[in-house]
Amino acid sequence: MAVITLIQSVTGTSTASPTTAAFTFSATAGSIIVVSYAVTPNTASMALPTDTIGNSYRNDGNGTATSVANYLAVARNKADGANTVTVTSSGSPTACVINVREYISSDGFFQNSIPNGTSSAYAAFVGQQSASSGTAVTNSVARTPSSASALIIGTVANSTGQTFTAGAGFANLTTVTQGTLVMATEDLEQIQPTSQFATFTQSSTGAWSVILAGVASRARISNNNYNQILVGDGMSSTEKVR
């Protein structure tokens, strides 16, 4: 069974666009980079991240709540080296926050399963976003990963200053604040492909937007009506898409 490890997590804040976060250590070729970011007001929409290595990012979810918009994007890292991730707004933000995470897998599935330098064909499931209010935070629709050892990511944001604690089973909570904009991101490695929600507890009642996304340990690469499942030893098999 693969072990997925968070090897670094960095943050950035700003009161204008763009917002950046620089890696503490050199990035590792074949790793997965997960970028969560949020902005106020919610009319200041954000583009997909860019980075200095030149990775291509996939949008794995975006949503809005009262005066806040939040986003989640993922890339497979194509090279070793220093890296800085940037997010840019098309509007006039008053606050923006970003959390960039880098993960590796002990069985090399990120390296074996994902075309080098691309952002396609690795989602464990389609991301799901929900917005509501209150102290109990959860997305409204459960998702089931396509394989075991899936990396599950939850991220949540509000514009009213309440803080968050991680949901049951989640770890590596990172909170980033700028003024009253608060964003928290959590993760877990799911050992078996069972249905999953992203859950948090908010410190007091208020509006929030939450996103659930996942990265599969065996990427499903669509080929007409078939998926090719690449496994850790480089062998592969195919299955009919249902």
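Colleague: Please explain the overall build of the protein chain as it appears in this structure.
Modeller: Helix and strand counts for the protein chain stand at one helix and 19 strands. Buried positions account for 51% of the 242 residues belonging to the protein chain. Long-range contacts, defined here as pairs at least 24 residues apart, represent 75% of the contacts in the protein chain between residues at least 6 apart. In the form shown here, the protein chain has an accessible surface area of approximately 9,600 Å², with 50% of it arising from carbon and sulfur atoms.

Colleague: How do you make sense of the sheet that holds strand S12 (residues 164-166) when you look at a structure like this?
Modeller: Sheet strands pair via backbone hydrogen bonds, and the direction of the pair is either parallel or antiparallel. The three strands are arranged S10-S15-S12 in an open sheet whose pairing can be described as antiparallel. Single-partner strands in this sheet number two, and they are strand S10 (136-138) and S12. Ignoring strand direction, the axes of neighbouring strands in this sheet form an average angle of 30 degrees. Note: S12 against strand S15 (residues 199-202), three bridges, orientation antiparallel.

Colleague: Sorry if this is basic, but what is going on with the environment of Ala 198 here?
Modeller: Along the chain, the position of Ala 198 falls in the loop between strand S14 (181-190) and S15. You can call Ala 198 buried: its relative accessible area is 0%. Expressed as a C-alpha distance, the spacing of Ala 198 and Arg 143, which sit 55 residues apart in the sequence, is 9.5 Å. Among residues more than four places away in sequence, those in contact with Ala 198 are Val 137, Thr 138, Asn 139, Gly 154, Phe 170, Glu 186, Val 210, Ile 211 and Leu 212.

Colleague: I tried to follow unusual backbone geometry on my own but got confused; where do I start?
Modeller: Backbone geometry follows two general trends: most residues other than glycine have a negative phi, and most peptide bonds adopt the trans configuration. The omega torsion of the bond from Ser 17 to Pro 18 falls at 0 degrees, within 30 degrees of zero and hence cis. Its location among the elements puts Pro 18 in the loop between strand S1 (4-14) and strand S2 (19-22). Note the cis peptide between Thr 40 and Pro 41, where omega equals -10 degrees. Within the secondary structure, Pro 41 is located in the loop between strand S3 (32-40) and strand S4 (50-51). Even without a glycine there, the phi angle at Asn 172 is positive, about 55 degrees.

Here is what the cut-offs are and how they apply
Residues numbered from 1 in each chain as written. Predicted model: local features only at pLDDT ≥ 70, side-chain atom pairs only at ≥ 80, totals over all residues. Heavy atoms only, no water. Helix = DSSP H or I, 4+ residues; strand = E, 2+ residues; numbered from the N terminus. Buried < 20%, exposed > 50% of the residue type's maximum accessible area, 1.4 Å probe, protein only. Contact = heavy atoms within 4.5 Å. Areas by Shrake-Rupley, 256 points an atom, 1.4 Å probe, with all protein chains shown as cover. Pairing = 2+ DSSP bridges. Axes fitted to C-alpha atoms, helices over the stretch in contact; angles between N-to-C directions.

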